[in-house]
Amino acid sequence: QVHLVESGGGLVQAGGSLRLSCRASEMIVSIKSMSWYRQAPGKQRELVATITSGGSTNYADSVKGRFTISRINVENMVYLQMNSLKPEDTGVYYCNAYARAVLAQFREYWGQGTQVTVSS
């Protein structure tokens, strides 16, 4: 059962922009926070940005000033606008939510990931 679906990855030149989208399914009835993580080849998955239900945001130092996370609560959508992309931003980007599905407890959910490749 797929609860989070990402889209928007692709290949872009350094300095370019991409926008990632993630939609939580209608089975998700309450979301406390949504985040984007990324994993580069041979590296551990790292937190990129988080947005809470109240709209508070937090970013990894490496993306501050370049990436913006936003959310449309009523649509269970989260976006990651990525500007001034660098080759080191390359990786698989994962959507994450701390949320509650119908008849379930709050827990983490993960999307399947979307590839972002930045060429130099």
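Residues numbered from 1 in each chain as written. Predicted model: local features only at pLDDT ≥ 70, side-chain atom pairs only at ≥ 80, totals over all residues. Heavy atoms only, no water.

(A) Highlighting the nonpolar core. Within the largest apolar cluster, 30 residues are counted, with the highest numbers of intra-cluster contacts made by Met34, Trp36, Leu80, Met82 and Tyr93. A per-element tally of this core places strand β9 (residues 91-101) first, with five residues. If we ignore the near neighbours within four places in the chain, the residues touching Leu80 are Leu18, Arg19, Leu20, Trp36, Val48, Ala49, Phe67, Thr68, Ile69 and Tyr93. (Core = buried A, V, L, I, M, F, W, Y, C linked by side-chain atoms within 4.5 Å. Buried < 20%, exposed > 50% of the residue type's maximum accessible area, 1.4 Å probe, protein only. Helix = DSSP H or I, 4+ residues; strand = E, 2+ residues; numbered from the N terminus. Contact = heavy atoms within 4.5 Å.)

(B) Seen up close, the pairing of strand β4 (residues 28-39). Looking at chain direction, β4 and β9 are connected through 10 bridges and run antiparallel. Opposite Trp36, over in β9, you have Cys95 as the bridge partner. Between β4 and strand β5 (residues 46-52), which pair antiparallel and follow one another directly, the connecting turn spans six residues, one of which, Gly42, has a positive phi of 75°. (Pairing = 2+ DSSP bridges.)

(C) View of the environment of Val78. In this fold, Val78 is placed in strand β8 (residues 77-82). C-alpha separation for the pair Val78 and Asn96, spaced 18 residues apart in sequence, amounts to 9.7 Å. When near neighbours in sequence (up to four residues on either side) are disregarded, Val78 contacts Leu20, Ser21, Cys22, Met34, Trp36, Ile51, Ile69, Ser70, Arg71 and Cys95.

(D) Summary view of a nonpolar patch on the surface. On the surface, a cluster of nonpolar side chains totalling about 400 Å² of accessible area is made up of Met27, Val29, Val102 and Leu103. Structurally, Met27 is set in the loop between β3 (18-24) and β4. You can call Met27 partly exposed: its relative accessible area is 33%. (Patch = residues over 30% accessible without salt bridge, like charges linked within 9 Å, V, L, I, M, F, W, Y side chains within 5 Å. Areas by Shrake-Rupley, 256 points an atom, 1.4 Å probe, with all protein chains shown as cover. Salt bridge = Lys/Arg side-chain N within 4 Å of Asp/Glu carboxyl O.)

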